[in-house]
Every structure is written in C-alpha cells, then in structure tokens.
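Spelled out, the chains give:
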Amino acid sequence: MSRQIRSMTPSGENCANFDVLIVGAGFAGMYMLHKCRQLGLSTRVFEVGKGVGGTWYWNRYPGARCDVESVQYSYQFDTELEQEWTWSEKYSTQPEILRYANHVADRFDLRDNIQFETRVISAEYSEADKLWVLETDRNEKVSSRYCVFATGCLSSSNVPKFEGYETFKGLSYHTGRWPHEGVNFSGLRVGVIGTGSSAIQSIPEIAKEANQLTVFQRTANYTIPARNSELTEDYVSSIKADYPSLRERARNKPAGYDIPLNSQSVLEVGREDAKIEFQRRWELGGTQFLGAYGDLLLSPDANEVAADFVKSKIREIVYDPEIAELLCPTNIIGCKRLCVDTDYYATYNRNNVQLVDVSSKPIDRITPNGILHGAKEYEFDAIVFATGFDAMTGALANIKIVGKGGNLLSEKWQDGPQTYLGLTSNGFPNMFMITGPGSPSVLTNMLPSIEQHVNFISKCIAHMIDHDFSTIEPDREAEIDWGLHVNEVAGLSLRSTCSSWYVGANVPGKPRVFSPYIGGFPRYVERCEQVAGNNYEGFTLV
Ligand code: N01
C-alpha cells in the first residue's frame, strides 16, 4: 500500500526532500530500503562504498568468512529468495556473502535508490520543520521526515595511535578496509598486530603465502575449529524444504541462532563427563561450543572447566610448549567474543611463523622498516593491522548528529550510549538506529536482528502515517529504565567483566559500558512487540 508523507522542504534550504533517508547500504540499509519502498515512501540511501554489502564489502582480508552458518546468516523476509539462493559452504566466504548481497540488490531493484561513494557528514533535526537535514561530503543537503542509521556495529576501523605509524615505508593494511584487488604476500616479511577474529581467520592464510609472518599478540584468544565443509545437495534440499521451522527454532534461541544448547550446569556433571561433551562439540566445531552447558558464562568456576579444555587442546596442537603457553588465554572463555578458525593454532607449528608477546610490554613504535618492540626491531615489507573496530557507537560518532535544541548525540553519549530499545534516543525525534547499542545486535545472528529492527521501524512509520502523527520520540524515563535494564542483565553475565570491544575497552578514552543487550533475542522481541502493541509505549507521538 502506498503511503504519502506531506513533508516539505526545510525553511530557507534548497534541498531535495524524501520521506526517509537511510545511512548505510549493508544488510540493514538494504532491507530498510526494501520495506520503505513497499510502503510507497520516497527513500534515499547513502553509502560510502561503491557497492552494497557493508561489512562484507569492506572486510576482504584473506580467510574472511562468517562464523554463523550460512543457511541462517541470510534474509528470511522473502521465501522465494530463500529458495532461489543456494549457499555452497557451511560457513560462507566473504566473496560468497557479497555475491548474495548483490543478488538481493538486483533482485529487489534496490540500486536506483542508493547513492554510492557518498559519506554523510552531518544529520541535523530541524524542530521548526520537523525534518532531518543531512549533509554529505559531496556538498549536498537533503531532508526527510525520518532518518535511519544503518551504519553497522563493527564498521568504524580502529587503528591504535602507534607512534611512527606514518613513517613505515612498506605496505600497511587494516583487515576492515582491505584492498579490493587483494594483496599478494608471496615472498614478503609480514607483521600482523592483533589476535581477534579477523587476525585468527587471516593469519593461517597469510602464513601460507608470506616468506615470514610475525604475530604481535597482546591478549591470547580462545578459538574453536570451524570444521567448515561444502554443503551437500541433500542438506540444502532438506533446509529449503522446511526453512520456516529452522527460522522458528532460531527465533526462540537467545542468540537468534539455532545451535544446540544445554541448560545443565557443568559443575553438576563433573569434569570428566564434561570433557566428553566438550570433545563432541570441539569436533562439531563453531560457536556452539559455548552452548555445552548453561552456566559457562555465569559462573567463573564453570567457565574454567571449558577454558581448561580449550587450553588442553592448544597444548596438544602446538608443538613448542613455550609458544603453546603464550597462546593459552588467561581470561574467561567467551568474555571476548569467541573466535572460530581453520588451523589457527597449528599455524604456529610452521617454520615461517613466530609469535611475539606484547602483553606486558606494548609495541614501542612503528619504524620506517617495521615494528620496534623492546630492544628489537622487526623488519617487515607489510604490516597488517587486525586491530578491530570502534564498535557499536564508532560509526555514529563519525557523523555530527544534532537533535532537538541543537544537542549533539556525541555529547549526550559521552558517558556511554543512551537509547530506548537500542532503536531510538530521547531528544532525537524520528531517528532510528538499526542494531544500535542497547539492542541484542552483536550478541546475536545479525541477520534476524536486522530484520526484526527493520520490521519494527517500518511498522512504526506506517502507524505514524496511518494515524497522521508527524513525530515519534522516546520518553526520557523509558530510555533511563531501558538503560538500567540493559546494565542489570549485563551484570549477570561474565561477558561484561573483561576488557573487550563489547565494553569499549579497545578504544582509549571510550567510556566502559557493556552496550549490547544480553537479555536474549526472544525476550527482546517480546518487549518490542509489547511496546508496539501498546501504542508505542514509552514513546511520545505527536
Ligand atoms: O577485532 P578485535 P577483530 N597493540 O577487536 C589487538 C567480528 N568479526 O576485527 O585483545 C597490540 O576482536 C587486540 O588486542 P586486545 C566479531 O564480532 C566476525 O578481530 O585488545 N594489539 C585484539 O587482539 C569480532 O569479535 C568475524 O589486547 C592490539 C585485536 O587487536 C569483531 O568483528 C570475523 C592493539 C583486535 O581484535 C572484531 O574482530 C571477523 C595494540 N595497540 C570479525 N590494539 C566472523 O564472522 C588492538 N590490538 C568470523
């Protein structure tokens, strides 16, 4: 059904006007655009990249693949799309996911409404006109009634301010901004800084190509073998024959991801029996490892049992006992995001790979020839910064977002993000965030979380139009209550207890707040449905 918003151009501005402006053309922005078009709303999407795909457009480092099973890391809003697309592997590679994103863009004819190679630099709310005015790096201004940020949770690259960074004479790359033409490391001496998911996926691949590879590890990480495999025709047919059941099972799981979960306490079953279950899950591979028992992320004693199992595996795989000990993490398993790998630990058995521990003494500086650590200069032809992202809030912080009364979102959030449901923020009417801080987002399978948010936002906009409302804004009390609830549930999990990007610890000066909502996808969805069902409880509609 086509809906019309009688919005006008902001007073005194000569700019094009839309019903909805969307920032970002990853999976969130693409689906938001599709829904807006279904509602008959005039919509424009701004995207920095030359193509769609977001995360999967930028993160092209060797070995990049998703660690959520492909058949679940996919849209479910269109049954024909589900049927016509066939995933080739259990965990898709970045090129395959990007092909999927492009397929969706073509199939739903999305490109005409996306303006590529355009960065939004500011978004200001005009109270007089009840419009958002966005300014881009192309010196243009556009306005709209609604503004939706689909800017991603892990899209703003974080390169720590290493002294001498700009003096390096060799090649340097960030995993999250990888060159489209790829990089040939053959014959090169390569340094990798970081041992998070991106590093753990890329290190085994770079090691196969490079002459020498040196990894600088600040915090050892737990990783579980992926056990990736090609999907058989039979398996794909069985999934396609009953996609709704799979989606339904996933929707009812805390992470919106259908993996086997056991609610039993590991402390009740005892270490020996637990070992059998951990071994079974180790052989199965993937993040389901942490679903072995219900208390692994609740009790330090329980967590230790799982951690000890993984450490025993590291000691089994890595030949050199000293290197094995360096690779054994000392923190809680699952506190930082659990990684999934192919041959990560075994890579340290290669003659051309060395590990440098920078945990107690940080990297001193980057030099023209490489990296100085302690008394030693490591010489490199290329340095890979696998140093992660300014997560959850970084992409929003890069845009000057100004709400009512000329107030800046960055100032409002200087002690941590404040949102209602991770979707909206008081003082910023008609503004939505997809998978924003305070929503399950990064603790879930992103695709269903994105779809749930987009469905919420599009229903809300339809409701506004149908009832002739012009603005929606969350109440401050509702936002405060939601923030308290997000904090309260975070405090119950061991996940909030260590220095990770979940709490912003990887970016110096960032407030330490556990910003995703850890209460689980089903509980969150129920709350959103309750809010919408009660005429947008906690919001003021004008
Ligand atoms: O980033 P990270 P990432 N000196 O922040 C180190 C998703 N993802 O890009 O732990 C030395 O995890 C830092 O050390 P420390 C996934 O959600 C998914 O790898 O802070 N080292 C750490 O080792 C993931 O969690 C997939 O002590 C420094 C590393 O850099 C998220 O993205 C694949 C340093 C950064 O690790 C981010 O992963 C890839 C310094 N000054 C990513 N500064 C899949 O789906 C930072 N480090 C599989």
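Residues numbered from 1 in each chain as written. Predicted model: local features only at pLDDT ≥ 70, side-chain atom pairs only at ≥ 80, totals over all residues. Heavy atoms only, no water.

### Points about the environment of Arg-271
Then step 1. Of note, Arg-271 is situated in helix H9 (residues 271-284).
Then step 2. Residues Arg-271 and Ala-302 lie 31 residues apart in sequence; the distance between their C-alpha atoms is 9.6 Å.
Then step 3. Excluding its chain neighbours within four sequence positions, the residues that come into contact with Arg-271 are Glu-304, Val-305 and Asp-308.
Then step 4. Polar contacts involving the side chain of Arg-271 include one to the side chain of Glu-304, which spans 3.3 Å. (Helix = DSSP H or I, 4+ residues; strand = E, 2+ residues; numbered from the N terminus. Contact = heavy atoms within 4.5 Å. Polar contact = N/O pair within 3.5 Å; in protein donor to acceptor, adjacent residues only side chain to side chain.)

### A few points about the packing of aromatic side chains
Then step 1. Applying the stated rule across the entire model yields 37 aromatic pairs.
Then step 2. For the ring pair Trp-282 and Phe-309, a centre distance of 6.1 Å and an interplane angle of 70° mean the geometry is edge-to-face. You can see Trp-282 sitting in helix H9 and its partner Phe-309 sitting in helix H10 (residues 300-317), a full 27 residues away along the chain.
Then step 3. Seen in terms of ring centroids, Tyr-536 and Phe-539 are 6.4 Å apart; in terms of plane orientation they differ by 70°. Their pairing is edge-to-face.
Then step 4. We classify Phe-539 as buried; its relative accessible area is 8%. (Phe/Tyr/Trp six-rings, centres within 6.5 Å; stacked < 30°, edge-to-face > 60°. Buried < 20%, exposed > 50% of the residue type's maximum accessible area, 1.4 Å probe, protein only.)

### Focus: unusual backbone geometry
Then step 1. Residue Met-392 is not a glycine yet carries a positive backbone phi of 70°.
Then step 2. Relative to the elements of secondary structure, Met-392 occurs in the loop between strand S16 (382-385) and helix H13 (394-397).
Then step 3. Judged by its relative accessible area of 5%, Met-392 is buried.
Then step 4. Even without being glycine, Leu-421 reaches a positive phi, approximately 65°.
Then step 5. With relative accessibility at 0%, the residue Leu-421 sits in the buried group.

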